[in-house]
Amino acid sequence: MLAAERRDHLLDLLSREGKIVAKDVAAELGISEDSVRRDLRELASEGLCQRVYGGALPVSPAVVDYRARQTVAPDGKRKVAAVAAGLVRPGGALILDGGTTALAVAHALPRDLECTVITHSPTIAAALIEHLRAEVFLIGGRIFKHSAVACGAAAVEAAQNVSADLCFLGVTGVHPEAGLTTGDAEEAAMKRALAARAADTYVLASSEKIGTASRFRVLPWEEISGLITDADPQDPVVTQLGARGVEILPTD
């Protein structure tokens, strides 16, 4: 099989199966695992897959820059945001992560809702200026411009001194095996710090993130209260997560 044919085969397998196991492909095609790994490195360098130990997973489309992410699945993000906003009770305290789906949550909160919002996103803090009954606490630190959030040691330390009823966490990848992932190590650490300070943590994931993975793991499934997604309830990944005991909050 020519290199171009192997490439097409790998991409087709990734689309159909949601993962590539290098040793299985090598056995199927009668080639060495080194050849498969070399092919996967090339695909990964083009942004077509996320390499993991033993193979590869679909890459998340949510790792592009903040401005570009605003145009990705806006309807799905609004649906997810509406469900999330409905969980916030009057007088409650909410930790709101950064990102475009979390920004949609900020817009979805009722203007007259009395609540406390803690965020490390200047963009989200600004979006809540017109919510006159919402107390807004902004966690500072080094601004990670890719997601328009504060990260780093100062931000993590500040996060350890807050607490809330709910945390809404954004991720770039949701996969049964890879777990909840994002594309930056410091951002992943900040998300863990925020989630640790809430009684319940819900992950916000519009459908394009389901079944994909990024480089850095955020949290294991056992540490979240539920997943809010507009993905089809019959989606194989959603079904697998439900079978693992993950509470799925659909948007329909």
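Here goes a summary of the coordinates provided. (Residues numbered from 1 in each chain as written. Predicted model: local features only at pLDDT ≥ 70, side-chain atom pairs only at ≥ 80, totals over all residues. Heavy atoms only, no water.)

1. Digging into the sheet that holds strand β6 (residues 134-138)
Formally: Strand pairing follows a simple DSSP-based rule, namely that at least 2 bridges must link the two strands. Under the DSSP-based scheme used, a helix requires at least four consecutive residues in state H or I and a strand at least two consecutive residues in state E, with every element numbered from the N terminus. Angles here are taken between N-to-C directions and fall from 0 to 180 degrees, while the axes themselves are lines fitted to C-alpha atoms, restricted in helices to the stretch in contact.
Taken in spatial order, the seven strands line up as β6-β5-β4-β9-β12-β14-β15 in an open sheet, and their pairing is parallel. The strands lining the two open edges of the sheet, one partner per strand, are β6 and β15 (248-250). Geometrically, the sheet is characterised by an average inter-axis angle of 25° between neighbouring strands, direction not taken into account. As defined by bridge partners, strand β14 (residues 226-229) adjoins β15 across three bridges and the pair is classed as parallel. Bridging from a neighbouring strand, Leu-227 pairs with Ile-248 of β15.

2. Here's the deal with the pairing of strand β12 (residues 198-204)
Rule in force here: Residue exposure (1.4 Å probe, protein chains only): buried if accessible area is under 20% of the type maximum, exposed if over 50%, otherwise partly exposed.
The element β12 is largely enclosed, with a buried count of five among its seven residues. As paired strands, strand β9 (residues 164-170) and β12 are joined by six bridges and run parallel to one another. In the sheet register, Leu-169 faces β12, and the bridge partner there is Val-203.

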